[in-house]
Amino acid sequence: MSDIELVSATKSFGGWLKRYKHHSQALNCEMIFALYLPPAAEGNDVPLLWWLSGLTCTDENFMQKAGAHRTAAELGLAIVCPDTSPRGTDLPGEHDSYDFGSGAGFYVNATQSPWSQHYRMYDYVTEELPALVQEHFPLNGKQAISGHSMGGHGALVCAMKNPGRYTSVSAFAPICNPSQCPWGKKALGGYLGEDKERWKAWDSCELLKRSGSPLPLMVDQGDADNFYRDGQLRPEALSAACEEAGVPITLRMQPGYDHSYFFIASFIDDHLRYHFYHLSQ
């Protein structure tokens, strides 16, 4: 059994929010992840929602700010929040900017030195961490995935690259077309090199063009989101790619909402119930 160390445990709505530390072989460093176990997990195996967070976040942001525990407890739904990048590696330039390096792993497998030594977040969130949590906790094997911003990009890409893995996928304000936006160009260029053909394997719009999506997509986007207005998110490109590929998408433009966790907290119950419906089928 792989070793994990309990960092903290806090009771919430009858369930438990716990943080665990472990050594990641994929990332070659120590990592911390957060897990919410609903009351139903005390006597039964429960389904799991993966939440992938955005730039600058850790495992803690969603668990503290999204207000998800009440409905997760009611539904009997576990939630796992990984961190957003390797930690403690101190590579040259790793901490110089908010949108690359520390807190900005982009859920890709880096191929460029020195990032390829540690920045393999895709393998971590799709292979290593799922095996670890399934080994240690009362989970029934059914998984769904969601996320915000950079994590929304990660959720869409993970779902598209792993047909049959997840029962459902959704996102809040995802970076939909990273090969065509400033954040994405910086991250993909740094982690993968300047061959833009390689970028397409990590861009949900490009993946849709290649092979569609194994699942319908549900996306919420605030129309007062500064990053949307600045062209970082490009939900229209995702909608157009879905139409071209014949993939159903529910894109809800939410008037007046920004990019913050107030936006996420306002609609998280819709997403939890959406995922639980599919996890229960």
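Use the structure listed above.
Definitions and limits used
Residues numbered from 1 in each chain as written. Predicted model: local features only at pLDDT ≥ 70, side-chain atom pairs only at ≥ 80, totals over all residues. Heavy atoms only, no water. Buried < 20%, exposed > 50% of the residue type's maximum accessible area, 1.4 Å probe, protein only. Helix = DSSP H or I, 4+ residues; strand = E, 2+ residues; numbered from the N terminus. Contact = heavy atoms within 4.5 Å. Polar contact = N/O pair within 3.5 Å; in protein donor to acceptor, adjacent residues only side chain to side chain. Pairing = 2+ DSSP bridges. Phe/Tyr/Trp six-rings, centres within 6.5 Å; stacked < 30°, edge-to-face > 60°. Expected span 1.5 Å × (residues − 1).

1. Notes on helix α7 (residues 204-211)
The set of residues buried in α7 consists of Ser204, Cys205, Glu206, Leu207 and Leu208. The inward-facing, buried residues of α7 abut α4 (150-161), β8 (217-222) and α9 (235-245). Two or three places before cysteine 205, at the opening of α7, aspartate 203 has a side-chain oxygen 2.9 Å from that residue's backbone nitrogen. Looking one or two residues past α7, glycine 212 carries a phi angle of roughly 75 degrees, positive in sign.

2. Describing the pairing of β8
Of all six residues in β8, six are buried, a share of seventy percent or more. Of the pairings in the sheet, the one linking β8 to strand β9 (residues 249-254) comprises six bridges and is parallel in character. Across the sheet, residue glutamine 221 finds its bridge partner in β9, namely methionine 253.

3. Considerations on the packing of aromatic side chains
Under the definition given, this model contains 15 aromatic pairs. A ring pair is formed by tyrosine 20 and phenylalanine 33, whose centres lie 5.7 Å apart and whose planes are at 25 degrees; its orientation type is stacked. Here phenylalanine 33 lies in strand β3 (residues 29-37) and tyrosine 20 lies in strand β2 (residues 15-24), a separation of 13 residues in the sequence. Side by side, tyrosine 20 and phenylalanine 33 carry an identical accessibility label, which is buried.

4. As for the environment of leucine 207
Within the secondary structure layout, leucine 207 lies in helix α7. We classify leucine 207 as buried; its relative accessible area is 8%. Between the alpha carbons of leucine 207 and lysine 18 there is a distance of 35 Å; along the sequence they are 189 residues apart.

5. Section: α4
Taking 1.5 Å of rise per residue, the twelve residues of α4 would be expected to cover 16 Å, and the 16 Å separating its terminal C-alpha atoms lies within 8% of that figure. Taken together, the buried positions of α4 are Met150, Gly151, Gly152, His153, Gly154, Ala155, Leu156, Val157, Cys158, Ala159 and Met160.

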